[in-house]
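Remarks on the overall topology
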Amino acid sequence: MEKQRVKLNICGTDYYINADEDPKYVEGLGDELDQTLSGILRDNNRLSITQAAILACLDYMDTAKKAEETADNLRNQIKEYLEDSARYQMEAEVAKREVDRLNKEVQKNNPF
């Protein structure tokens, strides 16, 4: 997909972004950022837009970092589950062969 120019209005200022993503997606991000910054500025009227942007950025980075850690934990859990599953399948196969061997031995030793 080629880059498209997307207009965003954040805290009353227009920004033009060249984006590879769908323009509606980028506009949605811009709207969310505008709401976040407007909320920070509304709650803290002494802050500049730059200060509000720093606070929003820190919050987004915190959220992204925690999501990344959660994803890593889930990947590790899945890896452990797959390893456990493979081990249990191998143990089940060994047990099945032992049952087959014992059944053959019983049939061999039982003339009836």
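Rules used throughout
Residues numbered from 1 in each chain as written. Predicted model: local features only at pLDDT ≥ 70, side-chain atom pairs only at ≥ 80, totals over all residues. Heavy atoms only, no water. Helix = DSSP H or I, 4+ residues; strand = E, 2+ residues; numbered from the N terminus. Rg over C-alpha atoms; globule rule 2.2 N^0.38 Å. Phe/Tyr/Trp six-rings, centres within 6.5 Å; stacked < 30°, edge-to-face > 60°. Lys NZ or Arg CZ within 6 Å of the ring centre and 35° of its normal. Pairing = 2+ DSSP bridges. Expected span 1.5 Å × (residues − 1). Buried < 20%, exposed > 50% of the residue type's maximum accessible area, 1.4 Å probe, protein only. Contact = heavy atoms within 4.5 Å. Core = buried A, V, L, I, M, F, W, Y, C linked by side-chain atoms within 4.5 Å. pLDDT = per-residue confidence, 0-100.

**A short note on the overall build of the protein**
- Regarding its fold elements, the protein presents 2 helices and 2 strands.
- Mapped from its N terminus to its C terminus, the protein presents α and β elements in the order β-β-α-α.
- Taken over C-alpha atoms, the radius of gyration comes to 30 Å for the protein, far larger than the 13 Å a tight globule of 112 residues would show.
- A principal-axis box enclosing the C-alpha atoms of the protein has dimensions of 95 × 35 × 15 Å.

**Remarks on the packing of aromatic side chains**
- A full pass over the atoms with the stated rule returns 0 aromatic pairs.
- Against the face of Y88 rests R87, its NZ or CZ located 5.2 Å from the ring centre.

**Section: the pairing of strand β1 (residues 4-10)**
- Across 7 bridges, the pairing between β1 and strand β2 (residues 13-19) is antiparallel. Counterpart to I10 in the pairing with β2 is T13.
- A loop of 2 residues connects β1 with β2, the two strands running antiparallel in sequence, and C11 in this loop sits at a positive phi of about 55 degrees.

**Let's talk about helix α1 (residues 23-43)**
- Given a rise of 1.5 Å per residue, 21 residues ought to cover 30 Å, and the 30 Å separating the end C-alpha atoms of α1 matches this to within 8%.
- Listed in full, the buried residues belonging to α1 are P23, V26, G30, L37, G39 and I40.
- Tucked inside the fold, the buried residues of α1 contact β1, β2 and α2 (49-109).

**Details of the nonpolar core**
- Judged by nonpolar contacts, V6, L8, I10, A19, V26, L37, I40, A52 and A56 together constitute the single largest core of 9 residues.
- For this core, the elements supplying multiple residues, two or more each, are β1, α1 and α2.

**Remarks on the confidence of the model for the protein**
- On average, residues of the protein carry a pLDDT of 95, and 97% of them reach 70 or more.
- Taken element by element, the predicted model of the protein shows its lowest mean pLDDT in α2 (95) and its highest in α1 (97).

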